[in-house]
Amino acid sequence: MGAGHGHRLHYHGHSALHRMPAECKLIALLIFVLAVVATPRTQYWAYGLDALALSVAVACSRVPVSYLAKRMVVETPFVVFAVLLPFIAVGERTQFLGVTVSADGLEAGLSLLAKATLGVAAGLLLAATTEPRALLAGLEGKLPQQLVQIMAMMIRYLDVTGDQLRRMRIARESRGFVATQPRHWPVLGHAAGALFVRSYERGERVHLAMLSRGYSGTLPGLAPPPASAGDWSRALLLPAAAALVALAAWLLR
Amino acid sequence: MLKVSNLAYAYPDGHQALYGVNLAIEQGERVAVLGPNGAGKTTLVLHLNGILEAGHGSVEVSGLPVAKPHLQEIRRRVGLVFQDPDDQLFMPTVADDVAFGPANLGLEGEELTARVERALAQVGMAEHAKRPPHHLSFGQRRRVAVATVLAMDPEILVLDEPSSNLDPASRRELADIIRSLDITVLMVTHDLPYALELCPRAVVLSAGQIVADGPTADVLCDDALMRAHRLELPFGFDPRSAGTRP
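Every value quoted in this text rests on a predicted model; they were computed, and no experiment measured them.

Caption draft 1: Looking closely at the interface of chain B and chain A. Residue-level contacts link 31 residues of chain B with 29 residues of chain A. For the pair chain B and chain A, the summed buried surface comes to about 2600 Å²; carbon and sulfur atoms form 58% of the total. At the boundary of chain B with chain A, the tally comes to six salt bridges. Close ionic contact of Arg156(A) with Asp86(B) constitutes a salt bridge, the shortest N to O distance being 2.8 Å. Joining chain B to chain A, the criterion identifies 15 residue pairs in polar contact (both at pLDDT 80 or more). Where the side of chain B that touches chain A is concerned, the elements lending two or more residues are α2 (71-77), α3 (85-88), α4 (94-104) and α6 (138-150) of chain B. The greatest single-element share of the side of chain B that touches chain A, amounting to six residues, is contributed by α4(B).

Here is the structure:
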């Protein structure tokens, strides 16, 4: 985490992708993910082309592949599910790497794995090239003000609350408590409750502080100047490629 | 400048926090409000900009009564700096946060940017404008919190426990900043040496009433008064020999 910059997912840089307005990147991500999801599941070559298009975008962003790869661990639950699918699904059986598995489950598992990986990688690329503040600015005017305000507060206080949680854990452990068994869960429940009450009280104090500075229901604009047609056309290259691939996959099916 | 007359307040649960407070502060004064925990200091502060509405009595800021119709103007005139900077700083970056108050007053564009830059320069935080608040040290966050209200161009700066949780260097830096401002200051604190250092005048608030009002050194040297209201000087600190700052 570079000093002065964003959060753990953000990779500081000045590439074309970093400079692109956040709203363009958000819409591009949305369309890209929809196109990938809409791709028929047995057309594996289509995922290959999507991956190729995405890797061109990654290359443009100059975010190291290893940086993204490390953060791909958030995908683990999907991977576990995708690996289980061929074994738990019913229907026709088939041989895969010497194991008898469900043919349907294998197909579903492979396409789930491919789609999830593409989606997560694209999401990480957005996070790596966009600071949280820019994301909020990009959402402003597109989502209701209240939602943007809630997200802004969440980004601001996630670390504060996380720190509080950590201090509470250290305080528990300093008094010899380490949760290992279900009978310890009530203690964790109390801790969660205490954290909730503290956060609620902080919310009230933040509100007072906001009122003291003349808050009347709207946050002053964060929004930078609106994106140009050029920004949009560059941002939409990647999702356009994915949409074409999806279309071709449907036609060739 | 600031005039509090017969101010009384009871919380909705019936707990009476203030019993008729009278306090007048002149332009340019720096006044410390001293008092033990639970004396009603924070309750008093929350009345000064109309967050709490007086149960009885009144508060006036430069002749304008603190009441619903002109709360916005009152909140411009009275800059409240809260004790925990994490409560005060809620926007994604320092610059956004400092811009929040003046933007609520209707400033925008160049004027707003200039106001933000000036306020940050006043507290020596100009080079941190683009950083998110949680990447700053506690002392830096406290200074930014001061900037957030300075940006509103207040007539009186109200500080709630400004020195709490600061290391000695940050504490001194904040004192330098407060001294450099040409503004009326009301400072609520337990930190008696800090009060002596910064404020020529002190009032003691105890059990919801002002029980003493005078030169800070005299108040701190009045042993009987201090004992009666749970105020204690730190070990080894003698206000008689502490000297004064310009």
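More follows now that the structure is in view.
Caption draft 2: Main features of the pattern of salt bridges. Residues and elements named next belong to chain A. Inspection of every chain in the model, using the stated rule, returns 27 salt bridges over all chains. In this structure, the salt-bridge partner of aspartate 163 is arginine 166, at a minimum N-O distance of 3.7 Å. With aspartate 163 and arginine 166 both in helix α8 (residues 145-174) and three residues apart, the pair spans about one turn of that helix. Taking relative accessible area as the criterion, aspartate 163 reaches 34% and is therefore assigned partly exposed. In this structure arginine 166 comes out as partly exposed when scored by relative accessible area, which is 40%.

Rules of the game
Residues numbered from 1 in each chain as written. Chains lettered and ligands numbered in written order. Predicted model: local features only at pLDDT ≥ 70, side-chain atom pairs only at ≥ 80, totals over all residues. Heavy atoms only, no water. Contact = heavy atoms within 4.5 Å. Buried area = accessible area lost by both parts, 1.4 Å probe. Salt bridge = Lys/Arg side-chain N within 4 Å of Asp/Glu carboxyl O. Polar contact = N/O pair within 3.5 Å; in protein donor to acceptor, adjacent residues only side chain to side chain. Helix = DSSP H or I, 4+ residues; strand = E, 2+ residues; numbered from the N terminus. Buried < 20%, exposed > 50% of the residue type's maximum accessible area, 1.4 Å probe, protein only.

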